[in-house]
Amino acid sequence: MTAPLPVRPPEPPPSNPPAPKTAGVKPPSRLLAPLRQTGQLFALALAVLRAVFRRPFQVREFIEQFWFVASVTILPAALVSIPFGAVIALQVGSLTEQLGAQSFTGGASVLAVIQQASPLIVALLIAGAAGSAICADLGSRKIREELDAMEVMGVSPIQRLVVPRVLATMFVAVMLNGLISVVGTLGGYFFNVIMQGGTPGAYLASFSALAQLPDLYIGELKALIFGFIAGIVAAYRGLNPRGGPKGVGDAVNQSVVITFMLLFAVNMIMTAVYLQIVPPKGG
């Protein structure tokens, strides 16, 4: 009989295994991450614009989202527009009194409300109340893999979920802009006439002397574009959460902050272009 051969024990694995070699592949740079996200945001906006004209259109989803966005923004918009109109009227009235132009208080305050304050109030409320809810809803669907299941079944999440929400924010923003313009104008009239001793005739006469119809058009156009931006940013952050439920909360906060930054930048550009294109009344 021959003795059994000794069995060689296996060698322990190396403590630091060599990294796999990827020829010609560089890791993505962190500096380019904002640019990639900006491109993805614009790509989502273009996809939504294309999906608006596709059929079938989700009428029921649009009506539900329209009612939801309107229900959470109408009362806060009406309550916020009163102090905004009052502050603008008081500040403009004090300034015109120092300059000796009290007769132009009404026109200046109403133009400030219609052109600047009203669209910005609408955008902030849409982004803060409705946009955060849209982002949380889409984000929760994403982490539960509902959106992936829809894509497997051949249903486009953009056409089914994103388009009705974006259109709802746009239409509600236009309607709220008219409401805030009226309430803010009435609030400014009350504080100027009652608290600062102005006359109703001078208030209305200065408004008719300075205001023109394109001022209302630019306010409505701003509200429409701001509603689109708020809906797109909320949908983008909701479709791309990171880290589970905590990532959804972070995405909601990021959507509100990003929307605010974009709104102020776009408002500055649109105001500068409008003042260059449309001459002042009587100019």
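As a reminder, the structure under discussion sits directly above these lines.
Residues numbered from 1 in each chain as written. Predicted model: local features only at pLDDT ≥ 70, side-chain atom pairs only at ≥ 80, totals over all residues. Heavy atoms only, no water.

Caption draft 1: Quick peek at the nonpolar core. Leu44, Val48, Leu138, Val162, Val166, Phe228 and Ile232 are the most contacted members of the largest nonpolar core, which totals 32 residues. Contributions of two or more residues to this core are made by α1 (33-52), α3 (105-143), α4 (146-152), α5 (157-195), α7 (213-239) and α8 (244-277). Sort the elements by how many residues they give to this core and α7 lands first, with 9 residues. Non-local contacts of Ile232, meaning those with residues more than four positions away in its chain, are made with Leu41, Leu44, Ala45, Val48 and Val166. Counting residues in hydrophobic clusters, the runner-up holds 14 residues, among them Ala77, Leu176, Ile180 and Ala230. (Core = buried A, V, L, I, M, F, W, Y, C linked by side-chain atoms within 4.5 Å. Buried < 20%, exposed > 50% of the residue type's maximum accessible area, 1.4 Å probe, protein only. Helix = DSSP H or I, 4+ residues; strand = E, 2+ residues; numbered from the N terminus. Contact = heavy atoms within 4.5 Å.)

Caption draft 2: Quick look at the packing of aromatic side chains. Inspection of the entire model under this criterion finds 3 aromatic pairs. Ring geometry for Phe62 versus Phe66: centroids 6.1 Å apart, planes at 40°, classification tilted. Taken as a pair, Phe62 and Phe66 lie in helix α2 (residues 59-99) at a separation of 4 residues, close to a single helical turn. The class of Phe66 is partly exposed, set by a relative accessible area of 23%. (Phe/Tyr/Trp six-rings, centres within 6.5 Å; stacked < 30°, edge-to-face > 60°.)

Caption draft 3: Inspection of the side chain of Asp215 at higher detail. By the element assignment, Asp215 lies in helix α7. Taking relative accessible area as the criterion, Asp215 reaches 4% and is therefore assigned buried. Discounting chain neighbours no more than four positions away, the residues touching Asp215 are Leu111, Ile114, Gln115, Leu210 and Tyr274.

Caption draft 4: Representation of the packing of α5 against α7. Viewed as axis vectors pointing N to C, α5 and α7 meet at an angle of 150°, and their least axial separation amounts to 8 Å. On the basis of their axis angle, the class for α5 and α7 is roughly antiparallel. Seen from above, α5 lies across α7 with right-handed handedness. Counting all contacts with α5, which are made through Val162, Val166, Thr169, Met170, Ala173, Val174, Asn177 and Gly178, the residues of α7 involved are Gly219, Glu220, Ala223, Leu224, Gly227, Phe228, Gly231, Ile232, Ala235 and Leu239. Classifying every residue of the contact of α5 with α7 by side-chain character gives 11 nonpolar, 6 polar and 1 charged. (Axes fitted to C-alpha atoms, helices over the stretch in contact; angles between N-to-C directions. Parallel < 35°, antiparallel > 145°, perpendicular 65-115°, else oblique. Left-handed = near helix turned anticlockwise from the far one by under 90°. Nonpolar A, V, L, I, M, F, W, Y, C, P; charged D, E, K, R; others polar.)

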